[in-house]
Amino acid sequence: MAHIDAGEILPNDHVQQMAAAGRVTQMHRGHQYADEGDTFEIDGTEFEVTDVTHRTLGDMTDEDAQREGSEDLEAYKERMKKVHGSFEWDDDSEVVRHRFAPVEE
């Protein structure tokens, strides 16, 4: 278990603030950036990585999209295209889901 920078999992300040507000509780990334048990801090609140799962984009559901701050999977796909420019959704693309939660004191 390590203490990592929040930017390792959450790519920008906007997403970090959504996590601090409880609107983002997981993040899919192209690579594994943390291990279960790792911690990070946002605005004085400590979070723990509770699950790291290797998946494909095709495994994603509306619930996954909502946990990442989108209304549903279609909205998530559109957001990815906006954010990553030439991004094309491929159900077979491998991704890593990082789930996290505030640490209870």
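Residues numbered from 1 in each chain as written. Predicted model: local features only at pLDDT ≥ 70, side-chain atom pairs only at ≥ 80, totals over all residues. Heavy atoms only, no water.

1. Here's the deal with the pairing of strand 3 (residues 45-56)
Two elements, strand 2 (residues 39-42) and strand 3, share 4 bridges in a ladder whose sense is antiparallel. The residue of strand 3 that forms the bridge with Ile42 is Thr45. The hairpin formed by strand 2 and strand 3 contains 2 residues between the paired strands, and Asp43 there has a positive phi angle of roughly 50°. In this sheet, strand 4 (residues 94-102) lies alongside strand 3 in antiparallel orientation, the contact comprising 9 bridges. Among the inter-strand pairings, Val52 is bridged to a residue of strand 4, identified as His98. (Pairing = 2+ DSSP bridges. Helix = DSSP H or I, 4+ residues; strand = E, 2+ residues; numbered from the N terminus.)

2. Some thoughts on the pattern of salt bridges
This structure, assessed with the given rule, holds 6 salt bridges. Ionic pairing is found between Lys77 and Glu74, a salt bridge with its closest N-O pair at 3.6 Å. Here the residue Lys77 and the residue Glu74 both occupy positions in helix 3 (residues 73-84), the gap between them amounting to 3 residues, near one helical turn. Each of Asp51, Arg55, Asp64, Arg97 and Arg99 takes part in salt bridges that share partners, so that together they form one network. (Salt bridge = Lys/Arg side-chain N within 4 Å of Asp/Glu carboxyl O.)

3. Quick notes on a negative patch on the surface
A contiguous patch of negative charge on the surface is contributed by Asp13, Glu41, Asp43, Glu46 and Glu48. Structurally, Asp13 is set in helix 1 (residues 13-20). Judged by its relative accessible area of 51%, Asp13 is exposed. (Patch = residues over 30% accessible without salt bridge, like charges linked within 9 Å, V, L, I, M, F, W, Y side chains within 5 Å. Areas by Shrake-Rupley, 256 points an atom, 1.4 Å probe, with all protein chains shown as cover. Lys, Arg positive; Asp, Glu negative; His and termini not counted. Charge placed at Lys NZ, Arg CZ, Asp CG, Glu CD. Buried < 20%, exposed > 50% of the residue type's maximum accessible area, 1.4 Å probe, protein only.)

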